[in-house]
Amino acid sequence: MSQSILKEIKNGVATLTLNRPEVFNSFNREMALTFQNELDACAHDADVRAIVITGSGRAFCAGQDLKEVTTPDLNPGFKKILEEHYNPIITRIRTIEKPIVAAVNGVAAGAGANIALACDIVIAHEKVSFIQAFSKIGLVPDSAGTFFLPRLIGFGKASALMMLGDKISATDASAMGMIYKVTTLDDFQTEIDTVARTLAQMPTKALGMTKRLLNESMSNTLEQQLELESKLQIEAASSDDYAEGVAAFVEKRKPNFKGE
């Protein structure tokens, strides 16, 4: 069994750990395909109600393993890398109707940074940095970086970060709205555990539909978005979790959501 992706499921939370620490968890083909398989497994596992993506060792992810693309016998070519590795990863992160948390434990560079930014919630500790490293080696941003980053921090800042390849601290990333929260190094794991556990105890269907609404809002008109909100709200109102939420509110108790 591959060890490039480690998976642990506990209390409704699946933690997927990018596990090539000797190369700062950079992606090769095997790791990219394994990651997709594990995301699919989490999507279809009813016991998984939240997903955490993190890295082993000192990095979150340094993007593409350059050794792979500079070794003729290993190089799959950029067309295959994008169409079979990174694009499917981003698509899965955005279409799995369960909350996905990026627990950024170390440097996030290139595709690694953009995979983090595609997640629903991004939390990093104070020693982390984010780098749009593509321009440093004559490439353009991929992994939906040009889609998400301008929407998160604005066109001008995104343009500058992508062209200059500046290293941005987690504190600055949080201040400019790139990520949800920055913690101290000591508090990082506790914060991740708390957020993930909270998400796993929430109404999973409603969170998934919220994610779908946010995805569609990127291209919908106001009228289209209102129509979709109405459709999904009616669907959410027929769920067991809605009935439980209302009953708990009336009875002044904590709801016991089942994700149904």
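First things first, this report covers the structure right here in the doc. (Residues numbered from 1 in each chain as written. Predicted model: local features only at pLDDT ≥ 70, side-chain atom pairs only at ≥ 80, totals over all residues. Heavy atoms only, no water.)

## Looking at the layout of surface pockets
- Taken as a whole, the largest pocket spans an internal volume of roughly 490 Å³.
- Forming the walls of the largest pocket are 24 residues, and the residues nearest its centre are R94, C119, D120, I121 and L214.
- Going through the elements one at a time, strand 7 (121–125), helix 5 (145–153) and helix 9 (204–217) are the ones with two or more residues in the lining of the largest pocket.
- By residue number, the principal contributor to the lining of the largest pocket is helix 9, which donates six residues.
- Class assignment of the residues belonging to the lining of the largest pocket gives a composition of 15 nonpolar, four polar and five charged. (1 Å grid on protein atoms, 1.4 Å probe; cavity = no way out; pocket = protein on both sides within 12 Å on 5 of 7 lines; lining within 4 Å. Points joined across faces, edges and corners; volume = space filled by probe spheres on them. Helix = DSSP H or I, 4+ residues; strand = E, 2+ residues; numbered from the N terminus. Nonpolar A, V, L, I, M, F, W, Y, C, P; charged D, E, K, R; others polar.)

## A word on the side chain of Q36
- For Q36, the position within the fold is in helix 1 (residues 29–44).
- Under the relative-accessibility criterion, Q36 is labelled buried at 7%.
- Side chain to side chain, Q36 and R92 meet in a polar contact 3.3 Å long.
- Once you skip the residues sitting within four places of it in the chain, Q36 turns out to touch E84, H85, P88, I89 and R92. (Buried < 20%, exposed > 50% of the residue type's maximum accessible area, 1.4 Å probe, protein only. Polar contact = N/O pair within 3.5 Å; in protein donor to acceptor, adjacent residues only side chain to side chain. Contact = heavy atoms within 4.5 Å.)

## Brief notes about empty space enclosed by the protein
- Scanning the entire structure with this criterion turns up one cavity of 30 Å³ or more.
- When its volume is computed, the largest cavity comes out at roughly 70 Å³.
- What lines the largest cavity is A113, L117, F130, I131, Q132, L149, L161, D166, I168 and M178.
- Listing elements by their share of the lining of the largest cavity, those giving two or more residues are helix 4 (111–117) and strand 8 (129–131).
- Its residues placed into classes, the lining of the largest cavity shows eight nonpolar, one polar and one charged.

## A closer look at the sheet that holds strand 6 (residues 107–109)
- Ordered in space as 4-6-8-9, the four strands form an open sheet in which the pairing is mixed. Looking at the sheet topology across the chains shown, the edges are occupied by strand 4 (59–61) and strand 9 (167–169). Taking the axes of each pair of neighbouring strands and ignoring which way they run, one obtains an average angle of 20 degrees across the sheet.
- Bridge analysis of strand 4 against strand 6 gives two bridges, and the strand direction is parallel. Across the sheet, residue C61 finds its bridge partner in strand 6, namely A108. (Pairing = 2+ DSSP bridges. Axes fitted to C-alpha atoms, helices over the stretch in contact; angles between N-to-C directions.)

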